[in-house]
Amino acid sequence: MTSEPSGRGDGLDDRADGRDETANERADRNWDELLQELRVMQTGTQILTGFLLAVAFQPRFTDMDELQRDLYVVLVALAAVATILALAPVGMHRALFGRRRKPDLVRIAARIVRIDLVVIGALTIGVTTLIVDFTVDRTAGIIALVAAVVLVVSLWVGLPRVMRGRPLVRGAADE
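Now for a description of the structure that goes with this document. Note on numbering: residues in each chain are counted from 1, in written sequence order. Given that the model is predicted, a residue must reach a pLDDT of at least 70 before its local features are reported, and side-chain atom pairs must reach 80 or more before they are shown or counted; all residues, however, enter totals for whole chains, interfaces and linings. Side-chain metrics rest on all non-hydrogen atoms present in the structure, leaving aside hydrogens and water.

With respect to the side chain of E21
- Strands are runs of DSSP state E lasting at least two residues, helices are runs of H or I lasting at least four, and both sets are numbered from the N terminus onward. Tracing the chain through its elements places E21 in the segment before α1 (23–55).
- A polar contact is formed between the side chain of E21 and the side chain of R26, at a distance of 3.4 Å.
- Between N or O atoms, a polar contact is any pair within 3.5 Å; within protein, one atom must be a potential hydrogen donor and the other a potential acceptor, and residues adjacent in sequence are included only when both atoms are from side chains. In terms of polar contacts, E21 uses its side chain to reach the side chain of R29, at 2.8 Å.

Here is the structure:
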């Protein structure tokens, strides 16, 4: 990304979103927004990871059947991957700090956040399934799995697609 994306020579961005900002200002704003998203994601991931770690030390852990234990191990691995992905943009920022690479950093970090959302979605669905399967029964666990998948896909994929197809309401908070 160059510092003058408009080609006008004035350093201003020519996106028609009502903002009068340079490419560097846009990168700074987008980086700040990504960091806020990462903070929210990391908190949820920490809660799920803490829950999973505590489960292994509970007396009833040995009551899990083989499928539940296998799911548990997969969920612990997903929690570790989610944590690593959430920290990757911060590590990248440290490595690239002061090198005028923020637009590249924002682009790559945004991709990592998307991947992390998929991992966190799978982790949340899996934890819900494990809890319901263990505390109720396998049928209820499968129902919880299907319901959680439908909810996550509806809210994280379907709703944004519906919103993209609707006209922009002026005066609303811009992205």
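Section: the nonpolar core
- If you look at the biggest cluster of nonpolar residues, it comprises 16 residues, and the most contacted ones within it are W31, L34, V106 and V113.
- Any two residues whose heavy atoms approach within 4.5 Å are treated as being in contact. Not counting residues within four places of it along the chain, the set of residues in contact with V106 comprises A27, N30, W31 and L34.
- The nonpolar core is taken to be a set of buried Ala, Val, Leu, Ile, Met, Phe, Trp, Tyr and Cys residues, with the residues joined through side-chain atoms within 4.5 Å. In this scheme, a residue with accessible area under 20% of its type's maximum is buried, one over 50% is exposed, and one in between is partly exposed, where area comes from a 1.4 Å probe on protein chains only. Grouped together as the second largest cluster of nonpolar side chains are eleven residues, L48, M64, L75 and V127 included.

Re the packing of α1 against helix α3 (residues 102–135)
- Two elements in contact, α1 and α3, have axes whose closest approach is 10 Å; the angle formed by their N-to-C orientations is 20°. One finds that α1 runs roughly parallel with respect to α3. Between α1 and α3 lies a crossing whose hand is left-handed.
- By the convention adopted, Pro, Cys, Tyr, Trp, Phe, Met, Ile, Leu, Val and Ala count as nonpolar, Lys, Arg, Asp and Glu as charged, and the other residues, Gly among them, as polar. Looking at the contact of α1 with α3, its residues break down into 19 nonpolar, four polar and four charged. For helices, the fitted line uses only the C-alpha atoms of the stretch in contact; every axis is such a line through C-alpha atoms, and the angle between N-to-C directions lies from 0 to 180 degrees. The labels follow the angle: roughly parallel below 35 degrees, roughly antiparallel above 145, roughly perpendicular from 65 to 115, and oblique for the rest. By convention, the crossing between two helices is left-handed when the near helix turns anticlockwise from the far helix through less than a right angle, and right-handed when the turn is clockwise.

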